[in-house]
Amino acid sequence: MHFKPRLACVLSMLLALLMTQSAVAQEPPKKVIEQTVTEALEVLRNQALKSDSKQRLQKLREVADKTFDWSAMAQSSLGAPWRQLNEGQRKEFVDVFKELLAQRYMNDLDRFQGSEELTVGNAEQQADIAIVKTTLLTASREQIPINYTLRLHSGKWRAEDVSIEGVSLVNHYRKTFSRFLANKSFADLLQQLKNKLGPGSSPAPT
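Rules behind the numbers
Residues numbered from 1 in each chain as written. Predicted model: local features only at pLDDT ≥ 70, side-chain atom pairs only at ≥ 80, totals over all residues. Heavy atoms only, no water. Core = buried A, V, L, I, M, F, W, Y, C linked by side-chain atoms within 4.5 Å. Buried < 20%, exposed > 50% of the residue type's maximum accessible area, 1.4 Å probe, protein only. Helix = DSSP H or I, 4+ residues; strand = E, 2+ residues; numbered from the N terminus. Contact = heavy atoms within 4.5 Å. Salt bridge = Lys/Arg side-chain N within 4 Å of Asp/Glu carboxyl O. 1 Å grid on protein atoms, 1.4 Å probe; cavity = no way out; pocket = protein on both sides within 12 Å on 5 of 7 lines; lining within 4 Å. Points joined across faces, edges and corners; volume = space filled by probe spheres on them. Nonpolar A, V, L, I, M, F, W, Y, C, P; charged D, E, K, R; others polar.

Q: Please explain the nonpolar core as it appears in this structure.
A: Among soluble globular proteins, nonpolar side chains are generally buried collectively. Counting 44 residues, the largest nonpolar core has Phe68, Leu78, Phe93, Phe97, Leu150 and Phe177 as its most contacted members. Ranked by residues supplied to this core, first place goes to helix H2 (residues 29–44) with seven residues. Excluding residues that lie within four positions of it along the chain, Leu150 makes contacts with Pro29, Val32, Ile33, Asp128, Ile129, Ala130, Val132, Trp157, Arg158, Ala159 and Glu160.

If you want it as structure tokens, here you go:
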């Protein structure tokens, strides 16, 4: 007498599971990076945006926000001191860290000539971690390896680190922050990062 309700429940659970697996399968790590690269190159090659650096950066941020987990990157870059921060401090650090990355690479983007190419290789995947290897071919025909580390979270792959020519962005900042915090406080570090943003700059909210 209770067979049909139980069967309906089982079928519903199975359908939900299949839908979740399908959603994940539709956006594998390689596809995530391919879409991000395509959208970023479209922005960089847009002549209407070339003379408007502020709008250009905003468009690139919108592309990056869909792929990068800024909170995870900031947490990994800060390391152990992250656990001692309250929610307000964490949010402020993420906002400042994200803005710092944006400003740091803006000069590199301004040198973009439009003839650059970026090829995306296959993903090396283990459980919920994947590394997608890409190669940037510059205007001078120099090949630069750029690898993205992604983690599967809530059914979506998000980038948590970028390695350029074998140098991890997260590891670079973790070492830099660790040296600074050896004899300075977190408040000192945060102020130092804000100073690097320059006068009149304010972190974009996450």
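Q: How should the pattern of salt bridges be read in this particular structure?
A: Once the charged atoms of two side chains with opposite charge are near each other, the side chains can pair. With the rule as written, the count across this model stands at nine salt bridges. A cluster of three or more residues bridged by salt bridges with shared partners is formed by Asp128, Arg151 and Glu160.

Q: When you look at the layout of surface pockets in this model, what are you seeing that I'm missing?
A: Where empty space is left in the structure can be found by rolling a water-sized probe over the atoms. Taken as a whole, the second largest pocket spans an internal volume of roughly 210 Å³. What lines the second largest pocket is Leu100, Gln103, Arg104, His172, Tyr173, Thr176, Phe177, Phe180, Leu189, Gln192, Leu193 and Lys196. Elements supplying a minimum of two residues to the lining of the second largest pocket: helix H6 (87–110), helix H7 (169–181) and helix H8 (186–197). For the lining of the second largest pocket, the element with the most residues is H7, which contributes five residues. Its residues assigned to classes, the lining of the second largest pocket shows six nonpolar, four polar and two charged.

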